[in-house]
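Chain and residue survey
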Amino acid sequence: MNKRTILLVDDEPHVIRVLRLMLEREGYEVASANDGAEALEKMAARRPDVMVSDIQMAGMDGRELCRTARARYPDECFPIFVMTSMTASSEREWVRDLLDVDFLEKPLSPRQLIARLATHFAGAATQQENTHAA
């Protein structure tokens, strides 16, 4: 089985470094980008199994990145987790029209991210088994 690929997008190098270390230790393949434009370049080369992106970044922010990724790859609905410290529901309304986007609260615990990814991949595996059994 191929390793699952996680694309980390954050303009803070220490965040990428910490998350990369933990994810690689868990057996994930990790690609990273410092902003939305670089993330789109990485996606053009290889679509991730999951993207984890900060929202507040210079240049193309996480909101625009999510919208652009969904528009460019409408048939490849990989999950996107966005990291944010914004807790107001009004700050999160922009995801209503986007498929499979979920929030992770900042400050983000790497263990929390690993648990969310494990839950996602376990659910995806169960769904795939049910599809093949039908």
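Residues numbered from 1 in each chain as written. Predicted model: local features only at pLDDT ≥ 70, side-chain atom pairs only at ≥ 80, totals over all residues. Heavy atoms only, no water.

Moving on, we get to the side chain of Ser32. Tracing the chain through its elements places Ser32 in strand S2 (residues 29–33). At 2.8 Å, the side chain of Ser32 and the side chain of Arg20 are in polar contact. Residue contacts for Ser32: discarding those within four places in its chain leaves Leu7, Leu8, Ile16, Arg20, Glu38 and Lys42. (Helix = DSSP H or I, 4+ residues; strand = E, 2+ residues; numbered from the N terminus. Polar contact = N/O pair within 3.5 Å; in protein donor to acceptor, adjacent residues only side chain to side chain. Contact = heavy atoms within 4.5 Å.)

So, about the environment of Val82. Topologically, Val82 is positioned in strand S4 (residues 80–84). For Val82, a relative accessible area of 0% corresponds to the buried category. (Buried < 20%, exposed > 50% of the residue type's maximum accessible area, 1.4 Å probe, protein only.)

Now for the pattern of salt bridges. Summed over all chains, the structure comprises eight salt bridges. Between Arg46 and Glu29 there is a salt bridge, and its shortest N-O distance comes to 2.7 Å. Of the two residues, Arg46 sits in the loop between helix H2 (36–45) and strand S3 (50–54) while Glu29 sits in strand S2, which places them 17 residues apart along the sequence. The class for Glu29 is partly exposed, based on a relative accessible area of 35%. Measuring nitrogen to oxygen at the nearest pair gives 3.2 Å for the salt bridge that ties Lys106 to Asp54. Of the two residues, Lys106 sits in the loop between strand S5 (101–105) and helix H4 (110–133) while Asp54 sits in strand S3, which places them 52 residues apart along the sequence. (Salt bridge = Lys/Arg side-chain N within 4 Å of Asp/Glu carboxyl O.)

To continue, consider the sheet that holds S4. What the five strands build is an open sheet, ordered S2-S1-S3-S4-S5; its pairing is parallel. The open sheet has two edge strands with one neighbour each: S2 and S5. Averaged over all adjacent pairs, the angle separating strand axes in this sheet is 20 degrees, with direction ignored. Both S4 and S5 contribute to a ladder of five bridges, which runs parallel. By the bridge assignment for S5, Ile80 is matched with Val101. (Pairing = 2+ DSSP bridges. Axes fitted to C-alpha atoms, helices over the stretch in contact; angles between N-to-C directions.)

By the element assignment, Asp10 lies in the loop between strand S1 (5–9) and helix H1 (13–25). Classification of Asp10 by relative accessible area gives buried; the value is 0%. A polar side-chain atom of Asp10 sits 2.8 Å from the main-chain amide nitrogen of Glu12. Residues in contact with Asp10, not counting those within four places in the same chain, are Val15, Ile16, Ala33, Asn34, Asp54, Met57, Met83 and Lys106.

In this section: H2. Along H2, the residues that are buried comprise Gly36, Ala39, Leu40 and Met43. Buried residues of H2, seen end-on, are gathered within an arc of 100 degrees and therefore sit on one face of the element. Exposed and oriented more than 90 degrees from the buried face of H2 are Glu41, Ala44 and Ala45. Contact partners of the buried residues in H2: S1, S2, S3 and helix H3 (62–72). For H2, the N-terminal cap is Asp35; the gap from its side-chain oxygen to the backbone nitrogen of Ala37 is 3.2 Å. (Arc of directions from axis to C-beta.)

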